[in-house]
Amino acid sequence: MEGPLARLDERVSRSLVDLVPRPVSELGADLGNMTVALPVLACAMAYAVWRGRRAQALFAGVTMAAVPLLVIPLKEWTARPGPLEPWAAGYYPSGHTATAMVAYVGAALLVSRRLLPLAALLTALTGAGLILRGYHWPLDVLASLALCVPLLRWPVIAERYGRPSRS
């Protein structure tokens, strides 16, 4: 990527990488791993099914399945190199950020909306960890957040279509 926005993104990234100790930023970045985020969502889905909210659990699972279908083609199309690996491509948008946002916000929506601040915090920690560790440019993270907002409209759809019909 070229242009003033990309140059600003790179300058901001250079000023932030390794601002905190690497084990701290690594911990934040790891919150977006599938092995961490998916079990959280799976437990919330199981809880929702147990509570009789099968449609909501199904929509949450479909939303998570949509993340790679949305993110991977964009990574291929943009082919943006990473901050630490300029020879590698496919960093924009951040799949880890998208995974974290959909998993944690989805879990909060399934269990209790009072958990939304915690979900937002976990998503923010993921994005910050990815940037501070140097795995992603700041715009990679922001793009993922913007992409996932429409995906997280599933509770509205589940509410509309998940009700039993009145006959």
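See the structure shown above.
All figures in this text were calculated on a predicted structure; none of them were measured in a lab. (Residues numbered from 1 in each chain as written. Predicted model: local features only at pLDDT ≥ 70, side-chain atom pairs only at ≥ 80, totals over all residues. Heavy atoms only, no water.)

Draft legend 1. Inspection of the nonpolar core at higher detail. Grouped together as the largest cluster of nonpolar side chains are 25 residues, with contacts concentrated most on Leu41, Met64, Val67, Tyr104, Val105, Leu110 and Trp154. Sort the elements by how many residues they give to this core and helix H5 (residues 95-111) lands first, with 11 residues. The contact partners of valine 67, leaving out residues within four places of it in the chain, are Ala98, Thr99, Val102 and Leu151. (Core = buried A, V, L, I, M, F, W, Y, C linked by side-chain atoms within 4.5 Å. Buried < 20%, exposed > 50% of the residue type's maximum accessible area, 1.4 Å probe, protein only. Helix = DSSP H or I, 4+ residues; strand = E, 2+ residues; numbered from the N terminus. Contact = heavy atoms within 4.5 Å.)

Draft legend 2. Structural view of the pattern of salt bridges. The full count for this structure, using the stated rule, is one salt bridge. A salt bridge links arginine 133 to glutamate 26; its shortest N-O distance comes to 2.9 Å. Of this pair, arginine 133 sits in helix H6 (residues 116-133) while glutamate 26 sits in helix H2 (residues 22-30), placing them 107 residues apart in sequence. (Salt bridge = Lys/Arg side-chain N within 4 Å of Asp/Glu carboxyl O.)

Draft legend 3. How the structure looks around the layout of surface pockets. Looking at the largest pocket, its volume works out to about 170 Å³. Gly32, Asn33, Met34, Val67, Pro68, Val71, Ile72, Lys75, Gly95, His96, Thr99 and His136 together form the lining of the largest pocket. Looking at the lining of the largest pocket, the elements with two or more residues in it are helix H4 (54-78) and H5. If one sorts the elements of the lining of the largest pocket by residue count, H4 sits on top with five residues. (1 Å grid on protein atoms, 1.4 Å probe; cavity = no way out; pocket = protein on both sides within 12 Å on 5 of 7 lines; lining within 4 Å. Points joined across faces, edges and corners; volume = space filled by probe spheres on them.)

Draft legend 4. Layout of helix H3 (residues 34-50). With 17 residues, H3 extends 23 Å between its outermost C-alpha atoms, agreeing within 8% with the 24 Å of an ideal straight helix rising 1.5 Å per residue. Buried within H3 are the following residues: Ala37, Leu41, Ala44 and Ala48. Seen from one end, H3 has its buried residues packed into an arc of 60°, which puts them on one side. What points out from H3, more than 90 degrees from its buried face, is the exposed set Thr35, Cys43 and Trp50. Residues of H3 that are buried in the fold lie against H4 and H5. A positive backbone phi angle near 85° is found at glycine 52, which sits one or two residues after H3. (Expected span 1.5 Å × (residues − 1). Arc of directions from axis to C-beta.)

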